[in-house]
Amino acid sequence: MSFVTHLESALDGTRLPARTLQTLHEGRPLWVRYDLDAVAGAVDRDALVQREPTLWRYRELLPVDDDEAITSLGEGLSPLLPAPRLGAALGVPRLLIKDESQLPTGSFKARGMALAVSMARQLGVERVAVPTAGNAGGALAAYAARAGMDCVVLMPEDTPLVNKLEAVLFGARAFLVDGLIHDCGAVVREGVERCGWFDMSTLKEPYRIEGKKTMGLELAEQLGWRLPDAILYPTGGGTGLIGMSKAFEELGAIGWLEGRTRPRFYSCQSSGCSPIATAFEAGERFAAPAPDPATVASGLRVPVAVGDFMILDAVRASGGRAMSADESRLLATMGHAARLEGISICPETAACLLVLEQLVAEGELDAEQQVVVFNTGAAQKYVECLEVELPRLSRASPDWDLLAG
Ligand SMILES: *Cc1c(COP(=O)(O)O)cnc(C)c1O
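Just so we're clear, the structure is a prediction, and the values are computed from it rather than from any experiment.

Peer 1: How would you explain the state of the cysteines if you had to name every residue and give the values?
Peer 2: Applying the stated criterion across every chain, the model contains zero disulfides. With no disulfide of its own, Cys-184 lies closest to Cys-151 among cysteine sulfurs, the gap being 14 Å. For Cys-184, a relative accessible area of 0% gives the class buried. Note on Cys-268: no disulfide assigned, nearest cysteine sulfur contributed by Cys-352 at a separation of 3.8 Å.

Peer 1: Give me the lowdown on the site of the ligand, citing residues and values where you can.
Peer 2: Within the structure, the ligand sits among 15 residues, and Lys-109, Gly-236, Gly-238, Gly-240 and Thr-376 are positioned closest to it. In this structure, Gly-237 approaches the ligand through a main-chain N or O atom, which is 3.2 Å from an oxygen atom. Here an oxygen atom of the ligand sits 2.7 Å away from a polar atom, N or O, in the main chain of Gly-238. When the ligand is considered free in solution it has 380 Å² of accessible area, and contact with the protein chains removes 96% of it. A per-class count over the shell around the ligand returns three nonpolar, ten polar and two charged.

Peer 1: Which residues make up helix 6 (residues 181-195), and what values go with them?
Peer 2: In a regular helix each residue adds 1.5 Å, so 15 residues correspond to 21 Å; helix 6 covers 20 Å between its end C-alpha atoms and thus fits that length. Those residues of helix 6 that fall on the buried side of the exposure criterion are Cys-184, Gly-185, Val-188 and Gly-191. The buried residues of helix 6 occupy an angular sector of 115° when the element is viewed end-on, so they sit on one face. Among the exposed residues of helix 6, those oriented more than 90 degrees off its buried face are His-182, Glu-193 and Arg-194. Looking at the buried residues of helix 6, the elements they touch are strand 6 (127-131), strand 7 (150-156), strand 8 (173-177) and strand 9 (198-199). Two residues or fewer after helix 6 comes Gly-196, characterised by a positive phi angle close to 70°.

Peer 1: So what's going on with the pairing of strand 12 (residues 321-325)? Residues and values would help.
Peer 2: Strand 12 sits mainly inside the fold: four of its five residues count as buried. Summarising the sheet, strand 11 (residues 264-270) and strand 12 pair through five bridges and their orientation is parallel. Bridging across to strand 12, Ser-267 finds its partner in Ala-322.

Peer 1: So what's going on with the environment of Phe-3? Residues and values would help.
Peer 2: Note that Phe-3 resides in the segment before strand 1 (4-9). We classify Phe-3 as partly exposed; its relative accessible area is 23%. Remark: the alpha-carbon pair of Phe-3 and Trp-256, spanning 253 residues in sequence, is separated by 17 Å. Not counting residues within four places of it along the chain, the set of residues in contact with Phe-3 comprises Arg-33, Tyr-34, Asp-35, Ala-38, Val-39, Ala-42 and Glu-60.

Peer 1: An account of the nonpolar core is requested, with residue identities and associated values reported.
Peer 2: Core analysis: the biggest nonpolar cluster contains 85 residues, and Val-128, Met-200, Phe-248 and Leu-251 have the highest contact counts within it. The element best represented in this core is helix 3 (residues 109-122), accounting for eight residues. In this structure, Ala-337, Ile-343, Ile-345 and Leu-353 belong to the second largest nonpolar core, which totals 34 residues.

Peer 1: If you had to explain the pairing of strand 3 (residues 30-34) to someone new, which residues and values would you point to?
Peer 2: For strand 3, the tally of buried residues reaches five of five residues, placing the bulk of the element in the interior. In strand 3, alternate side chains face the same way, and those of Leu-30, Val-32 and Tyr-34 on one face and Trp-31 and Arg-33 on the other are all buried. Summarising the sheet, strand 1 and strand 3 pair through five bridges and their orientation is antiparallel. Bridging from a neighbouring strand, Val-4 pairs with Tyr-34 of strand 3.

Peer 1: Could you give an account of the side chain of Gln-370, naming the residues involved and the relevant values?
Peer 2: Structurally, Gln-370 is set in the loop between helix 12 (347-361) and strand 13 (371-375). Of the residues examined, Gln-370 reaches a relative accessible area of 17% and is grouped as buried. If near-sequence neighbours (up to four positions away) are discounted, Gln-370 is found in contact with Arg-94, Leu-96, Leu-223, Pro-228, Asp-229 and Ala-230.

Peer 1: I'd like a rundown of the packing of helix 7 (residues 207-222) against helix 8 (residues 239-253), residues and numbers included.
Peer 2: Contact geometry of helix 7 with helix 8 gives a least axis separation of 7 Å together with a crossing angle of 60°. Comparing the axis directions of helix 7 and helix 8 gives the class oblique. In this structure, the crossing between helix 7 and helix 8 has a hand that is right-handed. Contacts between helix 7 and helix 8 involve Ile-209, Glu-210, Lys-212, Lys-213, Met-215, Gly-216, Leu-217, Leu-219 and Ala-220 on the former and, on the latter, Thr-239, Gly-240, Ile-242, Gly-243, Met-244, Lys-246, Ala-247, Phe-248, Glu-250 and Leu-251. For the contact of helix 7 with helix 8, a count of residues per class yields ten nonpolar, four polar and five charged.

Peer 1: Give a description of unusual backbone geometry that names residues and reports values.
Peer 2: Positive phi values are uncommon outside glycine, yet Glu-26 reaches one of about 50°. Following the sequence through the fold, Glu-26 ends up in the loop between strand 2 (15-16) and strand 3. Classification of Glu-26 by relative accessible area gives exposed; the value is 69%.

Peer 1: Tell me what's going on with the packing of helix 11 (residues 330-341) against helix 12, and back it up with residues and numbers.
Peer 2: The description of two packed helices rests on the angle between their axes and on the distance between the axes. One can describe the packing of helix 11 onto helix 12 by two numbers: an axis separation of 8 Å at closest approach and a directional angle of 90°. By the criterion of interaxial angle, the relationship of helix 11 to helix 12 is roughly perpendicular. Contacts between helix 11 and helix 12 involve Leu-330, Thr-333, Met-334 and Ala-337 from the first element and Pro-347, Ala-350, Ala-351, Leu-353 and Leu-354 from the second. Of the residues contributing to the contact of helix 11 with helix 12, the split by class is eight nonpolar, one polar and no charged.

Rules of the game
Residues numbered from 1 in each chain as written. Predicted model: local features only at pLDDT ≥ 70, side-chain atom pairs only at ≥ 80, totals over all residues. Heavy atoms only, no water. Disulfide = S-S within 2.5 Å. Buried < 20%, exposed > 50% of the residue type's maximum accessible area, 1.4 Å probe, protein only. Near = heavy atom within 4 Å. Polar contact = N/O pair within 3.5 Å; in protein donor to acceptor, adjacent residues only side chain to side chain. Areas by Shrake-Rupley, 256 points an atom, 1.4 Å probe, with all protein chains shown as cover. Nonpolar A, V, L, I, M, F, W, Y, C, P; charged D, E, K, R; others polar. Helix = DSSP H or I, 4+ residues; strand = E, 2+ residues; numbered from the N terminus. Expected span 1.5 Å × (residues − 1). Arc of directions from axis to C-beta. Contact = heavy atoms within 4.5 Å. Pairing = 2+ DSSP bridges. Core = buried A, V, L, I, M, F, W, Y, C linked by side-chain atoms within 4.5 Å. Axes fitted to C-alpha atoms, helices over the stretch in contact; angles between N-to-C directions. Parallel < 35°, antiparallel > 145°, perpendicular 65-115°, else oblique. Left-handed = near helix turned anticlockwise from the far one by under 90°.

Structure representation (structure tokens):
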């Protein structure tokens, strides 16, 4: 059995029973709550090193009760890479990049789906569905395949090519919808009513947050349980940032952290779609829908986030900020960073690097500070973005001036 005690409405604290199928409560997300004293008594922080190098090493802080339900592709323990050249160029030489591009299906979405599919399987779900304009569809399709479960993926026509194809590759029934992500969401809601699909949308079931929480658990462990000064995280629906914030809260409660119990969170968006940054600036707790969302960073193209208040609460409580980056500079920044460090930087992370540049210019971050940027996905998944690099590809005529240069 897991250490889960109950589920709790993130908006008004209403308690709901665990170990039954739950979705939203009055339109807003649920937290999974644990008996943290019991967790603290059951596991010794320093014994974790002997466990397998996947996110399942944090089993006591995860919700799965039934071992048989665990659905894994070996996810987790992504590298925390020093980025000295990129860091020096930005004025933060202690820069670290937590590289999620190496996870199954090439993005951190694998973490959330590993937990959500495992829990769906434990609770007897047979068919999962998700609306997506990016990496969530392929990740869900892969984990559903792994679990032997049916999967339906609904995507807007302009979803990046690789995301469309990977959903099909992993056996999902994939559909293109003439419309935007919320039109896809409406189809999923109808499928829930008419066909008994289970809706795996961001924050609409409680367990994707628990999977994403493991980014925070891993980061803490990799830094010897000392949290960094600042974390820059690209924000779409917000599960990554919300999950990490929850991770640090739980680690603080079980007494595993040395020193500070919270880093400053910088939630990073693109000027093409920045509802959270706009709400932060305006001092609001809930975000107005972003008008005409358009960004090459598909993970950031989320005009309405059901967890808006959870993101904004976490950012404010940490002393950080929500900011937006110049959309027109994302592609160049992605290539520049990839060339400096050999890391497969996605366009969402390019938004973080541009925000980092702003923060250094404003004097809010400097060379003394330990800064962690999350690289949430692999550049290879964005072929449309990589095409800007084509002019750099020369034809190898036997021209030794060129070849030796
Ligand atoms: C989904 C996604 C994001 C946004 O993640 P949230 O946790 O939903 O805010 C960022 N980057 C990539 C690559 C993504 O796929």
